[in-house]
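These are the residues of each chain, in order.
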Amino acid sequence: MGSTLPVFTNFDNPASQAQFPARHLTYWYLLPINAWLLLCPSKLCCDWTMGTIPLVESVYDPRNLATVLFILVLGSLVLYAVFNSNHLSRQVIMCLSFLVLPFIPASNLFFPVGFVVAERILYMPSMGFCMLVALAFQLVNEKFGAKRHVFAVISLLLIAYGSKTFMRNYDWKSEYTLFESGIKVNTQNAKLWNNVGHALESEERHEEALQYFLQASRVQPDDTGAWINVGRAYKNMQDYEKAEEAYRHAITLMPTVVPGKMYTTRIAPSYLNAYINLANLIKNNNTRLEEADTLFQRVLTMRPDLTTAHINRGDVLLRLNRSFEAEQSFRTALEHDQDNADIHYNLGVIYLDRGELREAFQYFNKALELNPDHIQALFNTAVTMQESRNPGLRTEATRR
């Protein structure tokens, strides 16, 4: 991260991109949402980003009542702790310290965070919450002498929450079951639909994965990642026409490219895969190599340090017989990733085509040093050894 804040998209935390009063009203509303998850964790979800919680855009939104109620309860506890100096007030201060302080970094108070709600950040606050609950039961018991009733209520809570914990374990059985359980809670979260699709895709269930990716694009029509996933699914199903259509639609959702302007703060790096995937799709057609090259150049306008784009563009330039430009592309990629065996291999191929065997051999050997199982590098070093006409290298060439 260094001295700069991480880059988040509008989908990670929609409220952070909203204007007043929607931003502030939503931030405030997220506080009772988190409090409710502590009080009644009946609906748990692994991801609360994107459209999970609609923005609170007006002071007349009834959800503001939950915010007011939360402020009244928390404010009452704070006032009691501040204006009293008895043993109970010190206990309340301890509980509030554990409850509030660990939550502040994730509250959007000092800087926007990359999520709407995240159950994981309630781990430490839950300690303060449990202490408050225990303190409340203690007060009820001392004031009303209802020890038996208090014990019964605590027992019921332990049984209910323990059962919920046990059942929740089944949701974490696999990525598929985890994200499927999330969809049952948040049907308007496109990321969950995408993640179920990814899980199915990893099992090569491409047709099923496509249906989830399409649903993600319906839930969030402007989600670039969803359309990239749709395109990839169609490609895996060898429906190249629809794949190209999906990739092009994903590109239309991104900002217009201005030559010389960096877009690292506006576009998630993964979204650039729309250009790269489309270029890799159409470069299979030799009549469209120039078009593929244009797409790679467009990516590099936005992210000059994107190694993948440099490598793929170099491959296209080689097929266009523009070897010197290809060499420059690979060398630029090498500046950003010196440990990439494929880059060294490609440079070796260029020198081999030029008949400069010594330089080619050096790059092939470097590729093998980085990846001893690089089959193409093994084959080409063998070819280079044979063409060198050095009898001492023939045995090694045969072995390779």
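In what follows, the accompanying structure is described. (Residues numbered from 1 in each chain as written. Predicted model: local features only at pLDDT ≥ 70, side-chain atom pairs only at ≥ 80, totals over all residues. Heavy atoms only, no water.)

### What to know about the overall build of the protein
Phase 1: Within the protein, the secondary structure is distributed over 19 helices and zero strands.
Phase 2: Looking at the 400 residues of the protein, the share that counts as buried comes to 42%.
Phase 3: For the protein, long-range pairs separated by at least 24 residues make up 56% of all intrachain contacts whose partners lie at least 6 apart in sequence.
Phase 4: Counting every atom, the protein has about 22800 Å² of accessible surface; 59% of that belongs to carbon and sulfur. (Helix = DSSP H or I, 4+ residues; strand = E, 2+ residues; numbered from the N terminus. Buried < 20%, exposed > 50% of the residue type's maximum accessible area, 1.4 Å probe, protein only. Contact = heavy atoms within 4.5 Å. Areas by Shrake-Rupley, 256 points an atom, 1.4 Å probe, with all protein chains shown as cover.)

### Examining the packing of aromatic side chains
Phase 1: Evaluation of the coordinates by the stated rule reveals four aromatic pairs.
Phase 2: Between Phe 166 and Tyr 170, the aromatic rings sit 5.6 Å apart at their centres with planes inclined by 80 degrees, giving edge-to-face as the arrangement. Residue Phe 166 and its partner Tyr 170 are located together in helix H6 (residues 147–171), separated by four residues, close to a single helical turn.
Phase 3: Taking the centre distance of 5.7 Å and the plane angle of 35 degrees together, the rings of Trp 193 and Tyr 212 count as tilted. One end of the pair, Trp 193, is in helix H8 (residues 190–202); the other, Tyr 212, is in helix H9 (residues 206–219), with 19 residues separating them in the sequence. (Phe/Tyr/Trp six-rings, centres within 6.5 Å; stacked < 30°, edge-to-face > 60°.)

### Quick word on the pattern of salt bridges
Phase 1: Scanning the model with the defined rule gives 19 salt bridges in all.
Phase 2: Glu 203 is the partner of Arg 205 in a salt bridge, and the nearest nitrogen-oxygen pair spans 2.7 Å.
Phase 3: Judged by relative accessible area, which is 29%, Arg 205 ranks as partly exposed.
Phase 4: Since its relative accessible area comes to 45%, Glu 203 is described here as partly exposed.
Phase 5: Note that Asp 315 and Lys 283 form a salt bridge whose closest N and O atoms lie 3.2 Å from each other. Taken together, the residues Asp 315 in helix H14 (residues 307–319) and Lys 283 in the loop between helix H12 (273–282) and helix H13 (289–302) connect sequence positions 32 residues apart.
Phase 6: Each member of the salt-bridge network shares a partner with another, and the members are Glu 290, Asp 293, Arg 313, Arg 322 and Glu 325. (Salt bridge = Lys/Arg side-chain N within 4 Å of Asp/Glu carboxyl O.)

### With respect to the state of the cysteines
Phase 1: In this structure the tally under the stated criterion is zero disulfides.
Phase 2: This cysteine, Cys 45, is not joined by any disulfide, and Cys 46 carries the nearest cysteine sulfur, 4.9 Å off.
Phase 3: Judged by relative accessible area, Cys 45 falls into the buried class, the value being 1%.
Phase 4: Residue Cys 46 is classed as partly exposed on the basis of its relative accessible area, which comes to 26%. (Disulfide = S-S within 2.5 Å.)

### A short note on helix H15 (residues 323–336)
Phase 1: For H15, with 14 residues, the first-to-last C-alpha span of 20 Å sits near the 20 Å given by 1.5 Å per residue.
Phase 2: By the burial criterion, the buried members of H15 are Ala 326, Glu 327, Ser 329, Phe 330, Thr 332, Ala 333 and Leu 334.
Phase 3: Summarising the contacts, the buried residues of H15 are in contact with H14 and helix H16 (341–353). (Expected span 1.5 Å × (residues − 1).)

### Examining unusual backbone geometry
Phase 1: Pro 21 follows Phe 20 through a cis peptide bond whose omega is 5 degrees.
Phase 2: Relative to the elements of secondary structure, Pro 21 occurs in the loop between helix H1 (14–17) and helix H2 (22–39).
Phase 3: Notably, Glu 204 is not glycine yet its phi reads approximately 60 degrees, a positive angle.
Phase 4: Relative to the helices and strands, Glu 204 resides in the loop between H8 and H9.
Phase 5: The phi torsion at Asn 321 lies on the positive side, around 60 degrees, for a residue other than glycine.
Phase 6: Among the secondary structure elements, Asn 321 is positioned in the loop between H14 and H15.

### Quick word on the environment of Asn 365
Phase 1: Examined against the element boundaries, Asn 365 turns out to sit in helix H17 (residues 357–370).
Phase 2: In this structure the C-alpha to C-alpha distance between Asn 365 and Thr 381, which are 16 residues apart in sequence, comes to 7.3 Å.

### Digging into the nonpolar core
Phase 1: Judged by nonpolar contacts, the single largest core of 74 residues is most densely connected at Ile 53, Val 117, Val 230, Tyr 275 and Val 299.
Phase 2: For this core, the element with the highest residue contribution is H2, accounting for eight residues. (Core = buried A, V, L, I, M, F, W, Y, C linked by side-chain atoms within 4.5 Å.)

### Description of the packing of H6 against helix H7 (residues 175–185)
Phase 1: Packing of H6 against H7 leaves a shortest axis separation of 7 Å and a crossing angle of 120 degrees. As judged from the angle between their axes, H6 and H7 are oblique. Facing Arg 168, Tyr 170 and Asp 171 of H6, the residues of H7 in contact are Thr 177, Leu 178 and Ser 181.
Phase 2: The residue inventory of the contact of H6 with H7, partitioned by class, reads two nonpolar, two polar and two charged. (Axes fitted to C-alpha atoms, helices over the stretch in contact; angles between N-to-C directions. Parallel < 35°, antiparallel > 145°, perpendicular 65-115°, else oblique. Nonpolar A, V, L, I, M, F, W, Y, C, P; charged D, E, K, R; others polar.)

### Re the environment of Ala 106
Phase 1: Positionally, Ala 106 belongs in the loop between helix H4 (87–100) and helix H5 (123–144).
Phase 2: Residue Ala 106 is classed as buried on the basis of its relative accessible area, which comes to 12%.
Phase 3: C-alpha of Ala 106 to C-alpha of Val 117: the two residues are eleven residues apart in sequence and 8.9 Å apart in space.
Phase 4: Sequence-distant contacts of Ala 106, that is, excluding residues within four places in its chain, are made with Val 113, Phe 115 and Ile 121.

### Overview of the environment of Thr 52
Phase 1: With respect to the helices, strands and loops of the structure, Thr 52 is situated in the loop between H2 and helix H3 (64–83).
Phase 2: Of the residues examined, Thr 52 reaches a relative accessible area of 13% and is grouped as buried.
Phase 3: Sequence spacing of Thr 52 and Asn 189 is 137 residues, and the spatial spacing of their C-alpha atoms is 5.2 Å.
Phase 4: If we ignore the near neighbours within four places in the chain, the residues touching Thr 52 are Asp 47, Asn 186, Gln 188 and Asn 189.
Phase 5: A polar contact of 2.7 Å, which involves the side chain of Thr 52, links it to the backbone oxygen of Thr 49. (Polar contact = N/O pair within 3.5 Å; in protein donor to acceptor, adjacent residues only side chain to side chain.)

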